[in-house]
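Below are the chains, spelled out letter by letter.
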Amino acid sequence: MGKEVVNKRLLALAEYILPGEIIADIGTDHAYLPVYLVQSGKITRALACDIHEKPLDVARKNVIDNKLEANIELRFGDGLKTLKPGEAEVAVAAGMGGGTIKKILEDSPRVLNTLKRLILQPMGDEADLRRWLLCNGWRLVDENLIFENGHIYTIIIAEQGSEQLYDDVVLEVGPRLIEKKHPLLPELLKKLIKKYKLAVRGLMKSSRPDARIKLERLRKHLSRLEEVAEKCR
Ligand SMILES: C[S@@+](CC[C@H](N)C(=O)[O-])C[C@H]1O[C@@H](n2cnc3c(N)ncnc32)[C@H](O)[C@@H]1O
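These numbers come from a predicted model, not from an experiment. For every chain, the first residue of the written sequence is number 1, and numbering continues from 1 along that sequence. Per-residue local features are limited, in this predicted model, to residues with pLDDT of at least 70; the limit for side-chain atom pairs, both in listing and counting, is 80 or more; totals at the level of whole chains, interfaces and linings are taken over all residues.

A. Seen up close, the site of the ligand. Nearness here is judged by the C-beta atom: place it from the backbone, and if it falls within 6 Å of a molecule or strand, the residue counts as near that partner. Around the ligand there are 16 residues in total, and Gly27, Asp29, Pro55, Ala94 and Gly95 lie nearest to it. Starting at the N terminus, helices and strands are each numbered in turn, a helix being any DSSP run of H or I of at least four residues and a strand any DSSP run of E of at least two. Elements that contribute at least two residues to the shell around the ligand include exactly β2 (46-50), β4 (90-96) and α4 (98-106). When residues of the shell around the ligand are assigned to their parent elements, the largest contribution, 3 residues, is made by β4.

In structure tokens:
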């Protein structure tokens with residue numbers, strides 16, 4: 001499989017997998033990540049899992065076309081429920097909503113507890129996902145941002161352990177990204193600030209009884225975001 005199929009985002013995820021680790025790619029779709037990891041020689045075994053038959057059919061075709069049936073096992077079903085405890089060392093969940101990823105993690109505590117690392121790339125709801133991780137025995141060991149096709153993708157790496165909980169703004173932006181002043185952070189913050197400014201404008205026109213309280217909360221959030229943006233400049 002050519003490197004062009006494995007885009008920048010998937011290559012960035014692959015970097016967080018150590019040689020020889022057994023991975024479960026949850027929501028594998030085409031199975032590009034496990035195929036790439038095995039073909040590159042980094043790993044020899046992966047479980048490629050998906051809840052829908054169509055993507056799993058595509059994954060099966062890619063596995064067979066690349067003669068990797070002995071290395072990549074396909075699993076059909078919901079999240080980590082397709083795994084037995086201890087079967088995988090690392091779980092990847094990429095390209096799904098943050099809420100879906102959170103649900104996948106919270107639905108399977110017995111499997112989750114046997115994983116040493118989570119490689120997550122949520123499409124939104126990052127704050128809730130980080131909050132869930134920190135409140136459930138995981139620490140955020142690294143975070144990354146990838147710019148591709150006009151979109152900034154967030155990558156969150158978690159390992160078992162404990163870490164303090166942060167305020168809503170830090171949870172939304174990412175504590176490790178702020179610490180390392182990630183070069184794409186100003187762009188991400190610009191987008192978030194624009195989103196909240198629009199929401200403030202919308203609420204100012206609202207006549208709903210709870211609009212004032214919501215507006216106050218949003219303005220505080222916005223001003224904290226602007227503070228973080230100032231520090232990350
Ligand atoms: C947009 S694709 C992402 C594919 C790949 N992980 C990537 O990042 O390029 C999302 C995939 O997740 C699968 N999916 C959604 N919810 C799931 C769940 N609860 N368990 C397993 N797979 C799920 C979908 O069927 C779909 O194939």
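B. How the structure looks around the environment of Glu159. Assignment of secondary structure puts Glu159 in strand β7 (residues 151-160). A sequence separation of 26 residues divides Glu159 from Leu133, and the C-alpha atoms of the two residues are 9.3 Å apart. For every residue pair, C-beta atoms are placed from the backbone, and the pair is scored as a contact if these atoms sit within 7 Å. Filtering out sequence-adjacent residues up to four positions away, Glu159 remains in contact with Lys116, Arg117, Trp138, Arg139 and Val141.

C. Here's a closer look at the sheet that holds β4. Taken in spatial order, the 7 strands line up as β3-β2-β1-β4-β5-β7-β6 in an open sheet, and their pairing is mixed. Each of the sheet's edge strands pairs with one partner strand only, and the pair in question is β3 (72-76) and β6 (138-148). For this sheet the average axis-to-axis angle between neighbouring strands, irrespective of direction, equals 15°. Here a strand pair is declared whenever DSSP counts at least two bridges between the two strands. Sheet analysis places strand β1 (residues 23-26) next to β4, joined by 4 bridges and oriented parallel. Residue Ile23 lies in a different strand from β4, and its bridge partner there is Val90. Seen against the sheet, helix α3 (residues 53-65) touches β2 and β3 and runs at an angle of roughly 170° to β3. Angular values range over 0 to 180 degrees, each being the angle between N-to-C directions of two axes fitted as lines to C-alpha atoms, with helices fitted over their stretch in contact.

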